[in-house]
Amino acid sequence: QVQLVESGGGLVQPGGSLRLSCAASGSILSVGTMAWYRQAPGKQRELVASITRGGERNYSDSVKGRFTISRENAKYTVYLQMNSLKPEDTAAYFCHVSDRWVTSKDYWGQGTQVTVSS
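Presented here is an overview of the structure given in this document. (Residues numbered from 1 in each chain as written. Predicted model: local features only at pLDDT ≥ 70, side-chain atom pairs only at ≥ 80, totals over all residues. Heavy atoms only, no water.)

The helix and strand tally for the chain stands at 0 helices and 11 strands. Going from the N terminus to the C terminus, the chain shows its helices and strands as β-β-β-β-β-β-β-β-β-β-β. By the compact-globule yardstick of 13 Å for 118 residues, the chain fits well, its C-alpha radius of gyration being 14 Å. Along the first, second and third principal axes, the C-alpha set of the chain runs to 45 × 25 × 25 Å. The buried share of the chain, taken over its 118 residues, is 42%. (Helix = DSSP H or I, 4+ residues; strand = E, 2+ residues; numbered from the N terminus. Rg over C-alpha atoms; globule rule 2.2 N^0.38 Å. Buried < 20%, exposed > 50% of the residue type's maximum accessible area, 1.4 Å probe, protein only.)

Right, dumping it as structure tokens:
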């Protein structure tokens, strides 16, 4: 069984920063694309950022210039550096990974809460 362990969430003031981490472990043989999603109350889950094994990055328009996604392939870990946080960034953030060879195999983290408030 594959497990995704997330960390780094918490309460931060507007304009502050947080760094989320997600490490995959278990039966996964090789990790493909890794991504971060978020879901705010009453809203649908949305893709925040993704990164391929080759380092190609994709960001939602709302976080471009503020968030940076990165990964360490050898450690099966993905990070999300969040700067200049806004109240509208408040959401549960979820890590997502796909199998490198079988993309239909994907895995979700349990979620970590990020709250941006004064």
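Here we take up the side chain of D89. Within the secondary structure, D89 is located in the loop between β8 (77-82) and β9 (91-99). Reaching out from D89, the side chain makes a polar contact with the side chain of R66 at a distance of 2.8 Å. (Polar contact = N/O pair within 3.5 Å; in protein donor to acceptor, adjacent residues only side chain to side chain.)

All right, on to the state of the cysteines then. Summed over all chains, the structure comprises 1 disulfide. Each sulfur of the disulfide joining C22 and C95 lies 2.1 Å from the other. Disulfide C22-C95: the torsion about the S-S bond is -85 degrees, which places it as left-handed. In this pair, C22 sits in strand β3 (residues 18-25) while C95 sits in strand β9, placing the two residues 73 residues apart along the sequence. (Disulfide = S-S within 2.5 Å.)

Turning next to unusual backbone geometry. Where the residue is not glycine, phi is negative for most of them; where a peptide bond is considered, it is trans in most cases. Positive phi values are uncommon outside glycine, yet Y76 reaches one of about 50 degrees. Here Y76 lies in the loop between β7 (67-72) and β8. A positive phi angle, close to 50 degrees, is found at S84, a residue other than glycine. Relative to the helices and strands, S84 is located in the loop between β8 and β9.

Core analysis: the biggest nonpolar cluster contains 28 residues, and W36, L80, M82 and Y93 have the highest contact counts within it. Among the elements of the structure, β3, β4 (31-39), β5 (46-51), β7, β8, β9 and β11 (112-116) are those that each provide at least two residues to this core. Apart from the residues within four sequence positions on either side, L80 is in contact with L18, R19, L20, W36, V48, A49, F67, T68, I69 and Y93. (Core = buried A, V, L, I, M, F, W, Y, C linked by side-chain atoms within 4.5 Å. Contact = heavy atoms within 4.5 Å.)

The side chains of a regular strand alternate between the sheet's two faces. Of all the 6 residues making up β8, 5 are buried; the element is thus mostly covered by neighbouring parts of the structure. Summarising the sheet, β3 and β8 pair through 6 bridges and their orientation is antiparallel. Opposite S21, over in β8, you have Y79 as the bridge partner. Two strands pair when backbone bridges link them, and β7 and β8 are joined in this way by 6 bridges, in the antiparallel orientation. When the bridges of β8 are listed, S70 appears paired with Y79. (Pairing = 2+ DSSP bridges.)

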